[in-house]
Amino acid sequence: MSASRLRLLHAIHDFLPRHRAGSEIYADALARAQSDRHDVFVLAAEYDPATAHGTIRWRAHDGLPVIELVNNWEFDAFDETYSSPRLNAQLRHVIDAVRPDVLHVHNLLNLSFDLPRLARRAGARSVATLHDYTLVCASGGQRVHAQESHVCEVIDPERCRRCFAASPFQSQRAAGRLTRHPGGRVASRVASWIRGRAPQLAARMHRLPGPAVEAGDMIRREAYARAVFDTIDLFVAPSPFLAREFVRLGLPPDRLRVSDYGFERFPHDRCDSCPALRIGFVGTLVWHKGAHVLLEAARGLIGPHEIHVWGDTSVFPDYTARLRRQADGLPVRFRGGFERSDVARVYGGLDVLVVPSIWPENSPLVVHEAFIYNVAVVGALTGGIPDLISHDVNGLLFDPFDPAALRAALQSLLDDRGLPARLAAAAPDVKSIEQDALEWEDRYREVLRDAATAAAVHR
């Protein structure tokens with residue numbers, strides 16, 4: 001196949017600038033890196049009760065065309081949360097408008113498990129980056145039951161039912177039903193206004209009881225997800241751990257490869273004159289990311305230190321309030337969110353990054369960023385983090401359910417102030433986003449060639 005321009009459609013559950021987690025950041029960087037050589041579009045869902053469910057709207061983000069599908073969870077049955085006739089009809093319009101050669105799936109949450117099948121019917125091939133466990137975890141893809149503080153080693157439909165019933169998605173289902181009643185749209189506009197100005201009040205308003213969810217609903221969803229495996233030509237897991245997990249969950253290993261993320265690099269200067277050890281958390285302030293573990297571990301540290309918590313405090317306000325209570329009396333600063341262009345400044349102000357994740361992480365972007373900007377990493381012994389960190393070689397590892405173990409790791413860095421620099425100096429090389437884009441181009445052309453060959457055989 002010639003090196004002609006391809007039409008690429010990246011599909012993700014939500015997108016920048018409003019949503020700033022790792023998969024959104026990566027999808028944005030990859031799409032922009034590809035845009036010089038190819039025609040690139042981003043398809044993302046958005047929750048907006050002030051706008052009619054199913055609305056398609058176009059916008060731009062840093063020069064990327066973004067097609068936004070409004071999904072207000074106005075569903076009659078649980079099955080529609082992952083296979084909605086209304087959303088499928090709108091997705092067919094998107095595919096007809098874009099005419100992609102390749103659909104690159106990052107996440108099908110809030111879109112439809114049917115999207116790869118719809119793309120194939122239109123002549124496109126599909127690939128996927130596995131960022132999390134959304135295909136098999138209905139409550140957000142982290143395989144944690146936050147209300148019961150439980151990490152799900154296996155998929156248990158009864159536990160999934162209980163977890164989903166307590167999740168924000170269940171409240172969205174309830175709000176979606178309300179919207180369809182007379183006056184509901186006005187109520188939703190009021191709720192949307194409150195969410196933008198008083199997020200803590202909005203979070204309480206959205207704790208609405210939703211329609212009943214049964215274990216059988218979860219069993220059907222899991223079976224439907226396994227069928228999605230057959231509609232995607234190639235999967236890429238950024239960590240060996242995640243690859244092993246998806247094989248265990250039923251993904252055919254012959255359509256799965258391991259290849260880590262690529263990263264943008266920004267000019268940076270380090271400030272090394274601070275007498276205190278600067279300890280940082282960077283990420284979403286949500287329970288499964290474990291910032292509370294860091295704050296619990298920090299109580300009792302001996303020696304001059306500062307803790308900088310970087311993350312949007314308005315996304316999960318109740319959890320943030322818990323963190324603020326924990327931080328009382330500690331040298332903690334809540335720094336808020338930041339723009340991607342500020343990433344070098346953020347890491348330039350840290351000596352140590354703590355990644356205290358409770359959920360089985362994939363290949364955390366923040367670990368790679370710390371490697372790039374010469375920051376030592378103390379990471380949880382979970383998921384793909386040990387694939388990146390060799391204990392006492394290029395970082396330290398600890399049990400995320402043992403704050404005392406994290407405290408001991410941080411105390412060792414306080415006791416030996418040269419240790420953070422030695423660990424950071426041993427960090428591995430990190431792939432550039434430009435190299436990653438070229439590798440993905442090779443994969444796209446490979447699946448297109450394979451499809452053309454198969455079509456020729458069947459003529």
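This text goes with the structure placed above it.
Hey, could you run me through the packing of helix α10 (residues 291–298) against helix α15 (residues 403–415) in this one?
Each pair of packed helices gets described by two things: the angle between the helix axes and the distance between those axes. Running from N to C, α10 and α15 point in directions that differ by 65°, and their axes come no closer than 8 Å. Every pair of crossing elements has a handedness; the one defined by α10 and α15 is right-handed. Listed contacts from α15 to Val293, Leu294, Glu296 and Ala297 of α10 are Pro403, Leu406, Arg407 and Leu410. Broken down by class, the residue content of the contact of α10 with α15 amounts to six nonpolar, no polar and two charged.

Could you clarify how one ought to interpret helix α8 (residues 215–228) in this entry?
Residues spaced three or four apart along an α-helix point in a common direction, a consequence of the helix completing one turn every 3.6 residues. In this model α8 runs 20 Å from its N-terminal to its C-terminal C-alpha over 14 residues, within 8% of the 20 Å that 1.5 Å per residue would give. For α8, the complete set of buried residues consists of Asp217, Met218, Arg221, Glu222, Ala225 and Val228. Around the axis of α8, the buried residues are gathered within 135° of arc, so they sit on the same side.

How do you make sense of empty space enclosed by the protein when you look at a structure like this?
Rolled over the atoms, a probe sized like a water molecule indicates the empty space that remains. Enumeration according to the criterion identifies six cavities of 30 Å³ or more in this entry. Considered as a void within the structure, the largest cavity measures approximately 130 Å³ in volume. Along the walls of the largest cavity sit 15 residues, with Val105, His106, Asn107, Leu130 and Leu135 positioned nearest its centre. Here the second largest cavity defines a volume of roughly 100 Å³. Around the second largest cavity, the lining residues are Val136, Cys137, Ala138, Ser139, Arg143, Val144, Cys152, Ile155, Arg159, Cys160, Cys163 and Met218. For the lining of the second largest cavity, the element with the most residues is helix α4 (residues 157–165), which contributes three residues. Taken together, the residues that form the lining of the second largest cavity break down as nine nonpolar, one polar and two charged.

For this particular structure, what's the right way to read α4?
Taken together, the buried positions of α4 are occupied by Arg159, Cys160, Cys163 and Phe164. Projection of α4 onto a plane perpendicular to its axis shows the buried side chains occupying an angular sector of 130°, all on one side.

Before we go on, may I ask you to explain the side chain of Arg125 in this structure?
Position of Arg125 among the secondary structure elements: in strand β6 (residues 125–129). Among the polar contacts made by the side chain of Arg125, one reaches the side chain of Asp233 at a distance of 2.9 Å. Setting aside chain neighbours within four positions, we find Arg125 in contact with Asp101, Val102, Leu103, Arg120, Asp233, Val447, Leu448 and Ala451.

What exactly am I supposed to notice about the pattern of salt bridges here?
Any two side chains of opposite charge can pair if their charged atoms end up close together. Tallied over the full model, the rule gives 33 salt bridges. A salt bridge links Glu441 to Arg37; its shortest N-O distance comes to 2.8 Å. With Glu441 in helix α17 (residues 433–457) and Arg37 in the loop between α1 (22–34) and β2 (39–46), the pair connects residues that are 404 residues apart, well separated along the chain. Judged by relative accessible area, which is 7%, Glu441 ranks as buried. Judged by relative accessible area, Arg37 falls into the partly exposed class, the value being 42%. Across the pair Arg57 and Asp48 runs a salt bridge, and its minimum N-O distance is 3.1 Å. We classify Arg57 as partly exposed; its relative accessible area is 25%.

About the thresholds
Residues numbered from 1 in each chain as written. Predicted model: local features only at pLDDT ≥ 70, side-chain atom pairs only at ≥ 80, totals over all residues. Heavy atoms only, no water. Axes fitted to C-alpha atoms, helices over the stretch in contact; angles between N-to-C directions. Helix = DSSP H or I, 4+ residues; strand = E, 2+ residues; numbered from the N terminus. Left-handed = near helix turned anticlockwise from the far one by under 90°. Contact = heavy atoms within 4.5 Å. Nonpolar A, V, L, I, M, F, W, Y, C, P; charged D, E, K, R; others polar. Expected span 1.5 Å × (residues − 1). Buried < 20%, exposed > 50% of the residue type's maximum accessible area, 1.4 Å probe, protein only. Arc of directions from axis to C-beta. 1 Å grid on protein atoms, 1.4 Å probe; cavity = no way out; pocket = protein on both sides within 12 Å on 5 of 7 lines; lining within 4 Å. Points joined across faces, edges and corners; volume = space filled by probe spheres on them. Polar contact = N/O pair within 3.5 Å; in protein donor to acceptor, adjacent residues only side chain to side chain. Salt bridge = Lys/Arg side-chain N within 4 Å of Asp/Glu carboxyl O.

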